[in-house]
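Each chain, written out:
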Amino acid sequence: MDKSTVVCRCEEVNIDEIETAIKFGAETFDDIKRITRCGMGPCQSKVCLTPVRKIIHNYTGKQLNEIRPSRMRIPLKVVRMGALAGKKESAQIASVFGESVEEGESTDE
Ligand code: FES
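Residues numbered from 1 in each chain as written. Predicted model: local features only at pLDDT ≥ 70, side-chain atom pairs only at ≥ 80, totals over all residues. Heavy atoms only, no water.

**Concerning the layout of surface pockets**
Where empty space is left becomes clear once a probe the size of a water molecule has been rolled over the atoms. Approximately 270 Å³ is the volume attributed to the largest pocket. Across the lining of the largest pocket, the residue classes tally to two nonpolar, four polar and five charged. (1 Å grid on protein atoms, 1.4 Å probe; cavity = no way out; pocket = protein on both sides within 12 Å on 5 of 7 lines; lining within 4 Å. Points joined across faces, edges and corners; volume = space filled by probe spheres on them. Nonpolar A, V, L, I, M, F, W, Y, C, P; charged D, E, K, R; others polar.)

Structure (structure tokens):
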């Protein structure tokens, strides 16, 4: 595969940039993410995680199961786009457990 092949379409990171990061000591997907921004795009590494792990495997000889996947972070809470835009009827906040509460309303019992 050509070294200029883009692996992370969101951040336009190619194979050469990933291999350079590995040369400078990157060992995990998160290391490469910090150096190149690969995986920081809108898809949050859904597209580029697997190919990057394969590049690390090919370059270092590490087994794929030894290469840790990216550290995922979930949103603290779901917020409707309407609420962000200031629409009052969208001010309900859905919790990660699927419940819906009014903003400011306590869920403690
Ligand atoms: S393809 Fe890499 S973050 Fe989307």
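**Details of the packing of helix H1 (residues 15-23) against helix H2 (residues 29-36)**
Direction vectors running N to C along H1 and H2 enclose 110 degrees, while the axes themselves pass 10 Å from each other. It follows from the interaxial angle that H1 and H2 lie roughly perpendicular. Here the hand of the crossing between H1 and H2 comes out right-handed. Of the residues in H2, those in contact with Glu17, Ile18, Ala21 and Ile22 of H1 are Ile32, Ile35 and Thr36. (Axes fitted to C-alpha atoms, helices over the stretch in contact; angles between N-to-C directions. Helix = DSSP H or I, 4+ residues; strand = E, 2+ residues; numbered from the N terminus. Parallel < 35°, antiparallel > 145°, perpendicular 65-115°, else oblique. Left-handed = near helix turned anticlockwise from the far one by under 90°. Contact = heavy atoms within 4.5 Å.)

**Some words on the environment of cysteine 48**
Locating cysteine 48 in the fold gives a position in the loop between H2 and helix H3 (49-60). Taking the C-alpha atoms as reference points, cysteine 48 and phenylalanine 29, 19 residues apart in sequence, are found 9.8 Å from one another. Not counting the four nearest positions on each side in its chain, cysteine 48 is found in contact with Val7, Cys8, Phe29, Cys38 and Gly39.

**A few points about the packing of H1 against H3**
Contact pair H1 / H3: the axes reach a minimum separation of 10 Å and the direction vectors enclose 55 degrees. Taken together, the axes of H1 and H3 are oblique relative to one another. Crossing angle aside, the handedness with which H1 passes H3 is right-handed. Along its contact with H1, which presents Ile15, Ile18, Glu19, Ile22 and Lys23, the element H3 presents Val52, Ile55, Ile56, Tyr59 and Thr60. Classifying every residue of the contact of H1 with H3 gives seven nonpolar, one polar and two charged.

Purely geometric stuff here, so don't read any function into it on its own.
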